[in-house]
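The residues making up each chain are set out below.
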Amino acid sequence: MTTSEILATTQALLQGLGTVITLFVVVMVASLPLGFLLTMLARCRIAPIRWLVNAYIYIMRGTPLMLQLFFIYYGLPFVNDFFKMALRSAMVCALLGFSLNYAAYFAEIFRGGLLSVDKGQYEACQVLGLNRVQTTLYAVLPQMFRVALPSITNESITLVKDTALVFSISIMEVLYYAKAAVSRTGSILPYAIAFLIYLALNSLLQLFFNWLEKKTAY
Amino acid sequence: MSLIFVKNLRKGFQGVEVLTDVNFQVDKGDVIAVIGPSGAGKSTMLRCLIDLEKVDGGTIEVEGEPLVKDGIYAPPAQVRRATGKMGMVFQNFHLFPHLSVRRNLTMPLMKVKGTGKEQANALALETLKKVGMGDRIDAMPSTLSGGQKQRVAIARALMLNPDIMLFDEPTSALDPMLTLEVLGVMQKLAADHMTMLVVTHEMSFAKEVANRILFMCDGTILEEGTPEQIFGHPKHQRTADFLGNNIK
């Protein structure tokens, strides 16, 4: 391959970059708060709510993400007309499937963070007169978040790589374009380029989280 | 009227009676040392007063208002009002590790009492100076020694202007040097007529700073009196035995 061919192939692959970034950003924005909500609901005083949340996390973590995507994209539209209309776009299905799946993982990560907050912190808050919401907001959450951060970094990096799964519900992203270029040119170089694109994305991500960890250190 | 009035207080954990029958009162300006062997129920008693533990029976009144009467708790708002008159200092400080010393002091005040930022900052500096920590106002707790942390914790409790300060073994996690600096701060508080209830193993503090001593044993107050009475002429053999180990 000549340099110009490599450039052209890279350019072709970068067409899929928008999809990867959209997936990443939307899923992070949706699943982090959703995961936190699940963590809170898993501590709810009403037992059936706790059971439901735990069952949800159990199922989401216990089955393949690709199977979940298939279920949403190929399966749900058969259920009724509403799903048929709502889930016409593969991208909507992907965003939904990824967010629901990642929320379960984040819920467990936050739970771990919550467990690490010392009982004394709650007692200090109580004797200082802070109510439950204030205690959570100003004492527990910042400490929980800091403990959870390395695991959140880990999950985010996995998410970038997992976006390649949407290939299976016919969404065109970096891996799709790489495969197409390989068939077209007969060279495996496009795979190497895809390799570097994912690596570059995760390098940026890692830099960001390293900065965040330093900034929130205490 | 006494600031704290306790009658027939009972408390158990999973069938084990920790407090069998506790009766005492705290008057304004009292500096009371609560001493006794480990497992006597000293800390549990203190924690019941500020509602960190629920009692099984008995009465606690704070400034005439019942927190719990004959084992029945007052409505939450009244409980909060009663416990709000007390500040508490823990053995392990429990500072907020993610907040600077300044924010440790100002955050509760601003959130609970709605005090403005400038006013809270000014009060924080003034209070930190009282405990000799004025120069560390922007430090993070992780950079402080144990004694410094405890002094900050005392300042944080003082910020809410309590009528009574409860201390739960405030120097038990500190080495002798750091213990001295914390006891110094507490002595100063006592000199400023702060009403204090101190669970402690520091017999020198009990002897020299307290005006009254409660000797607790087996979940009850076995003996109560001035330091001279307790240290000089203990009435009970258990008291004498306990102090025998502590006389220098």
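What you see is a predicted model; the values in this text were computed from it and never measured. (Residues numbered from 1 in each chain as written. Chains lettered and ligands numbered in written order. Predicted model: local features only at pLDDT ≥ 70, side-chain atom pairs only at ≥ 80, totals over all residues. Heavy atoms only, no water.)

Trainee: Requested: an account of the overall build of chain B, with residues and values cited.
Mentor: The helix and strand inventory of chain B stands at 9 helices and 11 strands. Its C-alpha atoms give chain B a radius of gyration of 18 Å, within 12% of the compact-globule value 18 Å for 248 residues. Overall size of chain B, expressed as C-alpha extent along the three principal axes, is 55 × 45 × 35 Å. The buried share of chain B, reckoned over its 248 residues, is 56%. Contacts in chain B between residues at least 24 apart in sequence constitute 63% of all its contacts with a sequence separation of at least 6. Distance from the positive charge centre (28 side chains) to the negative charge centre (28 side chains) of chain B: 7 Å. (Helix = DSSP H or I, 4+ residues; strand = E, 2+ residues; numbered from the N terminus. Rg over C-alpha atoms; globule rule 2.2 N^0.38 Å. Buried < 20%, exposed > 50% of the residue type's maximum accessible area, 1.4 Å probe, protein only. Contact = heavy atoms within 4.5 Å. Lys, Arg positive; Asp, Glu negative; His and termini not counted. Charge placed at Lys NZ, Arg CZ, Asp CG, Glu CD.)

Trainee: Quick rundown of the overall build of chain A? Include the residues and the values.
Mentor: In terms of helices and strands, chain A carries 10 helices and 0 strands. Reading chain A from its N end, one meets helices and strands in the order α-α-α-α-α-α-α-α-α-α. With 218 residues in all, chain A has 43% of them scored as buried. A fraction of 77% describes how many contacts in chain A between residues 6 or more apart in sequence connect residues 24 or more apart. When the accessible surface of chain A is totalled, it reaches about 11800 Å², and 69% of it is carbon and sulfur. (Areas by Shrake-Rupley, 256 points an atom, 1.4 Å probe, with all protein chains shown as cover.)

Trainee: So, the confidence of the model for chain A: which residues are in play, and what are the values?
Mentor: Detailed reading of the predicted model is not advised wherever pLDDT is low. When pLDDT is averaged across chain A, the result is 93; 100% of the residues are at 70 or more. Within chain A, no element has a lower average pLDDT than helix H5 (residues 81–86) of chain A, which sits at 85, and none a higher one than helix H7 (residues 119–127) of chain A, at 97. (pLDDT = per-residue confidence, 0-100.)

Trainee: Tell me about the nonpolar core, and name the residues and values.
Mentor: Of all hydrophobic cores here, the largest spans 95 residues; its most connected members are Phe-24, Leu-49, Ile-154, Leu-166 and Met-196 of chain B. With near-sequence residues (within four places) excluded, Leu-49 of chain B lies in contact with Ile-4, Val-6, Phe-24, Ile-60, Leu-67, Thr-83, Met-86, Leu-166 and Leu-197 of chain B. Counting 48 residues, the second largest nonpolar core, distinct from the first, contains Val-27, Met-28, Leu-149 and Leu-159 of chain A. (Core = buried A, V, L, I, M, F, W, Y, C linked by side-chain atoms within 4.5 Å.)

Trainee: Residue-level account of the interface of chain B and chain A, with values.
Mentor: Reports of interface size often rely on the accessible area that becomes lost once the parts have come together. With 20 residues of chain B in contact, the opposing surface of chain A contributes 18 residues. Roughly 1700 Å² of surface becomes buried between chain B and chain A when both sides are summed, with 66% attributable to carbon and sulfur atoms. Where chain B touches chain A, the interface holds 1 salt bridge. The residue Glu-123 of chain A makes a salt bridge to Arg-47 of chain B at a minimum N-O spacing of 2.5 Å. Taken together, the links from chain B to chain A amount to 6 residue pairs in polar contact (both at pLDDT 80 or more). (Buried area = accessible area lost by both parts, 1.4 Å probe. Salt bridge = Lys/Arg side-chain N within 4 Å of Asp/Glu carboxyl O. Polar contact = N/O pair within 3.5 Å; in protein donor to acceptor, adjacent residues only side chain to side chain.)

Trainee: Account for the environment of Ala-181 of chain A, with residues named and values stated.
Mentor: All names here are of chain A. With respect to the helices and strands, Ala-181 occurs in helix H9 (residues 174–185). We classify Ala-181 as buried; its relative accessible area is 0%. Between the alpha carbons of Ala-181 and Leu-212 there is a distance of 37 Å; along the sequence they are 31 residues apart. Setting aside chain neighbours within four positions, we find Ala-181 in contact with Thr-9, Leu-13, Gly-186 and Pro-190.

Trainee: Break down the pattern of salt bridges for me, with residues and values.
Mentor: Two side chains bearing opposite charge may form a pair once their charged atoms approach each other closely. Residues and elements named next belong to chain A. Taken as a whole and judged by the stated rule, the model has 14 salt bridges over all chains. Note that Lys-119 and Glu-123 form a salt bridge whose closest N and O atoms lie 3.6 Å from each other. Here Lys-119 pairs with Glu-123, and both are found in helix H7, just 4 residues apart, close to one helical turn. Relative accessible area serves as the criterion here: at 57%, Lys-119 is assigned to the exposed category. Since its relative accessible area comes to 10%, Glu-123 is described here as buried.

Trainee: Let's hear about the layout of surface pockets: which residues, and what values?
Mentor: Its boundaries defined by the atoms lining it, the largest pocket holds a volume of some 1200 Å³. Lining of the largest pocket is provided by 41 residues; of these, Gln-126, Leu-130, Asn-131, Arg-132 and Thr-135 of chain A occupy positions nearest its centre. Within the residue set of the lining of the largest pocket, elements represented by two or more residues are helix H2 (17–41), H7 and helix H8 (132–162) of chain A together with helix H2 (76–83), strand S7 (86–89) and helix H3 (101–113) of chain B. Looking at the lining of the largest pocket residue by residue, the class counts come to 22 nonpolar, 9 polar and 10 charged. (1 Å grid on protein atoms, 1.4 Å probe; cavity = no way out; pocket = protein on both sides within 12 Å on 5 of 7 lines; lining within 4 Å. Points joined across faces, edges and corners; volume = space filled by probe spheres on them. Nonpolar A, V, L, I, M, F, W, Y, C, P; charged D, E, K, R; others polar.)

Trainee: Quick one: what's the story with the packing of H2 of chain A against helix H10 (residues 189–215) of chain A, residue by residue and with numbers?
Mentor: Residue and element names in this part refer to chain A. Direction vectors running N to C along H2 and H10 enclose 35°, while the axes themselves pass 12 Å from each other. Crossing geometry of H2 relative to H10 is assigned as right-handed. Residue-level contacts link Leu-17, Val-20, Phe-24 and Met-28 of H2 to Ile-197, Leu-201, Leu-205 and Phe-209 of H10. Its residues assigned to classes, the contact of H2 with H10 comprises 8 nonpolar, no polar and no charged. (Axes fitted to C-alpha atoms, helices over the stretch in contact; angles between N-to-C directions. Left-handed = near helix turned anticlockwise from the far one by under 90°.)

Trainee: Describe helix H6 (residues 90–115) of chain A, and please don't skip the residues or the numbers.
Mentor: For H6 of chain A, which comprises 26 residues, the first-to-last C-alpha distance of 38 Å matches the rise-based estimate of 38 Å (1.5 Å per residue) to within 8%. Here H6 of chain A starts with a cap whose side-chain oxygen sits 3.1 Å from the backbone nitrogen of Met-91 of chain A, and that cap is Ser-89 of chain A. (Expected span 1.5 Å × (residues − 1).)

Trainee: Pulling in residues and values, what's your account of the side chain of Asn-104 of chain B?
Mentor: Residues and elements named next belong to chain B. For Asn-104, the location among the structural elements is in helix H3. Relative accessible area serves as the criterion here: at 0%, Asn-104 is assigned to the buried category. A polar contact of 2.7 Å, which involves the side chain of Asn-104, links it to the backbone nitrogen of Phe-96. Setting aside residues no more than four positions away along its own chain, Asn-104 makes contact with Leu-95, Phe-96, Leu-99, Pro-141 and Arg-156.

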